[in-house]
Amino acid sequence: MKQDFSELRLDRVTRRFAGVGGKAFNALDELTITIKRGEFIALLGPSGCGKSTALNCIAGLLPLSGGTIQLDDLRIDTLPPESRGFGMVFQNYALFPHMSVERNIGFGLRMRGVSAAETTMRVANALKLVQLTGQEHKLPGQLSGGQQQRVAIARAIVIEPPLVLMDEPLSNLDAKLRIETRAEIRRIHHELGRATIYVTHDQDEALSLADRIVVMKDGVVQQIDRPQQIYAQPANLHVARFMGYRNVIEMDVEGATGDCVELRDRGIRLSGVAMQAPPGARAMVAMRPEEIVVGEGPQGRNTLAVRVETVEYGGRDSLVGVVTATGARLFLRTAQSAAPGDALSIHVPAERALVYAPTPA
Amino acid sequence: MNTQTSALARAPFDRTLLLAAPATLFMVALFIYPFLYGLWLSFEPAKGDWLANYHKFFTADNLWPTIWTTLKLALPATLINVGIALPIAFRMRVKSRYQRLITTVLVVPITLGTVLIADGMLTYFGPKGWLAHLLELLPFYEGPIRLTHNYWGVLISLVISGFPFAFLLILSYITGIDPVLARAASTLGASPAAQFRHIYLPLLAPGLAMCFCLAFVQAYSVFPSAVLLGAPAGPTRVISLAAYEAAFEQYDYSLASAIAMIMGFVQLIIVAIVLGLRGLFYRGPVVGGKG
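Note that the coordinates shown come from a computational prediction; the quantities given were computed from them, not determined experimentally.

**A word on a nonpolar patch on the surface**
Part 1: A contiguous nonpolar patch, built from M27, V28, F31, I32, Y33, F35, L36, Y37 and W40 of chain B and spanning about 930 Å² of accessible area, is present on the exposed surface.
Part 2: Structurally, the position occupied by F31 of chain B is in helix α2 (residues 21–42).

**Focus on the pattern of salt bridges**
Residues and elements named next belong to chain A.
Part 1: One pass over the structure, following the stated rule, counts 23 salt bridges over all chains.
Part 2: E291 is the salt-bridge partner of R288, the closest N and O atoms lying 4.0 Å from each other.
Part 3: According to the relative accessible area criterion, R288 is buried, its value standing at 2%.
Part 4: Judged by relative accessible area, E291 falls into the buried class, the value being 18%.
Part 5: In this structure, the salt-bridge partner of D317 is R333, at a minimum N-O distance of 3.3 Å. Of this pair, D317 sits in the loop between β16 (303–313) and β17 (318–324) while R333 is found in strand β18 (residues 329–334), placing the two residues 16 residues apart along the sequence.
Part 6: D317 sits in the buried class, given a relative accessible area of 14%.

**Details of the sheet that holds β18 of chain A**
Remark on secondary structure: sheet strands pair via backbone hydrogen bonds, oriented parallel or antiparallel.
Residue and element names in this part refer to chain A.
Part 1: Taken in spatial order, the five strands line up as β15-β19-β16-β17-β18 in an open sheet, and their pairing is antiparallel. Of all the strands in the sheet, just β15 (293–294) and β18 have a single pairing partner and so form its edges.
Part 2: Summarising the sheet, β17 and β18 pair through six bridges and their orientation is antiparallel. Among the inter-strand pairings, G321 is bridged to a residue of β18, identified as F331.

**A short note on the interface of chain A and chain B**
Part 1: The partner chain B presents 27 residues to the 24 residues of chain A that form the contact.
Part 2: Across the interface of chain A and chain B, roughly 2100 Å² is buried in total on both sides, 68% from carbon and sulfur atoms.
Part 3: Of all residues in chain A, the largest losses of buried area upon contact with chain B belong to E82, P97 and H98 of chain A, amounting jointly to 28% of the total for that side.
Part 4: The interface formed by chain A and chain B contains zero salt bridges.
Part 5: Our enumeration of links across chain A and chain B arrives at three residue pairs in polar contact (both at pLDDT 80 or more).
Part 6: Every element with two or more residues in the side of chain A that touches chain B is listed here: α2 (81–84), α3 (101–111) and α5 (145–157) of chain A.
Part 7: Across the side of chain A that touches chain B, the residue classes break down as 15 nonpolar, six polar and three charged.

**With respect to the packing of helix α12 (residues 239–248) of chain B against helix α13 (residues 253–278) of chain B**
Between two packed helices, both the angle of their axes relative to each other and the distance between the axes serve to describe the pair.
Residue and element names in this part refer to chain B.
Part 1: Contact pair α12 / α13: the axes reach a minimum separation of 7 Å and the direction vectors enclose 165 degrees. Here α12 lies roughly antiparallel to α13, going by the angle between them. Viewed along their axes, α12 and α13 form a crossing whose handedness is left-handed. Each of I239, S240, A242, A243, A246, A247 and F248 in α12 lies in contact with α13, whose residues at this interface are Y253, L255, A256, I259, I262 and M263.

**Considering the packing of α3 of chain A against helix α4 (residues 116–129) of chain A**
Residue and element names in this part refer to chain A.
Part 1: In contact at an axis separation of 9 Å, α3 and α4 are set at 120 degrees when each is read in the N-to-C sense. Regarding α3 and α4, the two cross each other, and that crossing is right-handed. Between α3, through V101, E102, I105, G106 and L109, and α4, the contact on the second element is made entirely by T119, R122, V123, A126 and L127.
Part 2: Residue classes in the contact of α3 with α4 are distributed as six nonpolar, two polar and two charged.

**With respect to the environment of A117 of chain A**
Part 1: Take A117 of chain A: it is sitting in helix α4.
Part 2: Between the C-alpha atoms of A117 of chain A and F5 of chain A, which are 112 residues apart in sequence, the distance is 27 Å.

**Points about α4 of chain A**
All names here are of chain A.
Part 1: Relative to the 20 Å expected for 14 residues at 1.5 Å per residue, α4 spans 20 Å between its end C-alpha atoms, a close match to the ideal helical length.
Part 2: Buried residues of α4: T119, R122, V123, A126, L127 and L129, and no others. Down the axis of α4, the buried set is contained in an arc of 155 degrees. They therefore lie on one face. Away from its buried face by more than 90 degrees, α4 exposes A117 and K128.
Part 3: In the core, the buried residues of α4 are packed alongside α3, α5 and α6 (175–192).

About the thresholds
- Residues numbered from 1 in each chain as written.
- Chains lettered and ligands numbered in written order.
- Predicted model: local features only at pLDDT ≥ 70, side-chain atom pairs only at ≥ 80, totals over all residues.
- Heavy atoms only, no water.
- Patch = residues over 30% accessible without salt bridge, like charges linked within 9 Å, V, L, I, M, F, W, Y side chains within 5 Å.
- Areas by Shrake-Rupley, 256 points an atom, 1.4 Å probe, with all protein chains shown as cover.
- Salt bridge = Lys/Arg side-chain N within 4 Å of Asp/Glu carboxyl O.
- Helix = DSSP H or I, 4+ residues; strand = E, 2+ residues; numbered from the N terminus.
- Buried < 20%, exposed > 50% of the residue type's maximum accessible area, 1.4 Å probe, protein only.
- Pairing = 2+ DSSP bridges.
- Contact = heavy atoms within 4.5 Å.
- Buried area = accessible area lost by both parts, 1.4 Å probe.
- Polar contact = N/O pair within 3.5 Å; in protein donor to acceptor, adjacent residues only side chain to side chain.
- Nonpolar A, V, L, I, M, F, W, Y, C, P; charged D, E, K, R; others polar.
- Axes fitted to C-alpha atoms, helices over the stretch in contact; angles between N-to-C directions.
- Parallel < 35°, antiparallel > 145°, perpendicular 65-115°, else oblique.
- Left-handed = near helix turned anticlockwise from the far one by under 90°.
- Expected span 1.5 Å × (residues − 1).
- Arc of directions from axis to C-beta.

Printed below as a string of structure tokens:
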């Protein structure tokens, strides 16, 4: 078992399952990525996108149907999980119910034959790291969900693994605890200085934690990039929709100059930025509710006349649902007050109207 | 505090409790009354003082050794049943194509009566049975091995009839343990053997103790196979046989009741010991966190 490493290489890692009627489907289709020491990687996607499958393949809990995994020059995809030595945090914690907090955390060390004295010392350090000192003799059943989660994290990191794998570790916690524990996870990742692979379906978690995000859908990688890129420049319509580009309308392409595309749908004209190879006659334009502004654009460009249909008050601002003259429904966030029936002018900056091919690959 | 207790005292009678009445009546009529009647009867011997039956049991050479004779059959049979059922049930814990088939095959004997099993064993294991014929083909086979009409015949029959029961019980305990615990252990470096030893075994221990108790009580009351497959005059003169003889050959119901009481007491002691040991183990839920 390696303690340290410089990179983990996944090469066309594939996992097939027998589907309905004996038809095999790829739960994970040719995932290729190289993860460097110190990196925090988030696997992001809706449920069933293959992100947990990918994590289980890396941990060794699922055999691969194809591809290889290498830790530096060591091929590990053929090793059983106990020989890989990665720390894993499970969604429902998977704490051993019959062992005290102390024995849960020390389990991996005992399995490695670490001496009792050293185990005690390292367990105490891990308890301090997750701020659970004083709880060592309790059984998991006597702890709150948040405390159990921290025991699970301590148990995975006390063995000082080259790689920590986390499978939606925060999904069972309430909103406040989730944000606190998120910061803890980031801090622990920095203190360990190794690599973390983190599975989540929550964009906020992925954006705030990760150095790089892998967006997946139906087992296929859609985009691997820095959070800023994923947020502002989604590679395709799937990623855009998943990252909160809620307004998607299909329009005719009038012309394109460089990246700039002119679109038209009956009376509406918009210009946007092409995110994919120059589209054909039809294209989809995607916009965030946060980036649509009330009022006319410069020289009246990219401006739409709309009628307010719904208003959802959200504290700092409201989510306003509007309908264009052509019947397209859009959502925008605004701090201005609006009431159903109001007529408004709205506009979106051309660089924030992203243009995609109509049927994304 | 006072108001609370008085409120409780005035709480209306819960009429749903009446639903338990038929079952209670049934228990009283078919279990508690016969048991108390037998207990009382055992202290009413045909002759002598009220303890005469118990005195007789512990002094007569053909009575008190039946306790050990029966224990010598029941304890090994129970240990074998639990001991074999555990690894097989462990292998069967994950759903596979063969799981259903193997489980069915293993459970079939539970549907056969002890007499049917005895009959089959007499033909198969007997001196002229298939097993003996097969063994004769082996070069080093020396004389006829005897597997019927002795201790071994009864033991084998107890294993055949008791195994499915132990297997089903342990299987249900094992499948109740969240498999993600073993996976978590494997990521922490536990080999399959270590996963069994550190995760499954401690979580199963209370269930195994329970299974042992139930299987033991069943084996200790062995009767038909001890007569049909054993040597009822000697090595397999079990305690229930002694009670049967007292009741239906000597017509001494009082002595028979005393023997039945002693039999129950021995079972109770073993069960108490095993359940006492169970207290040493963890007995909480067997899942690893909120799911």
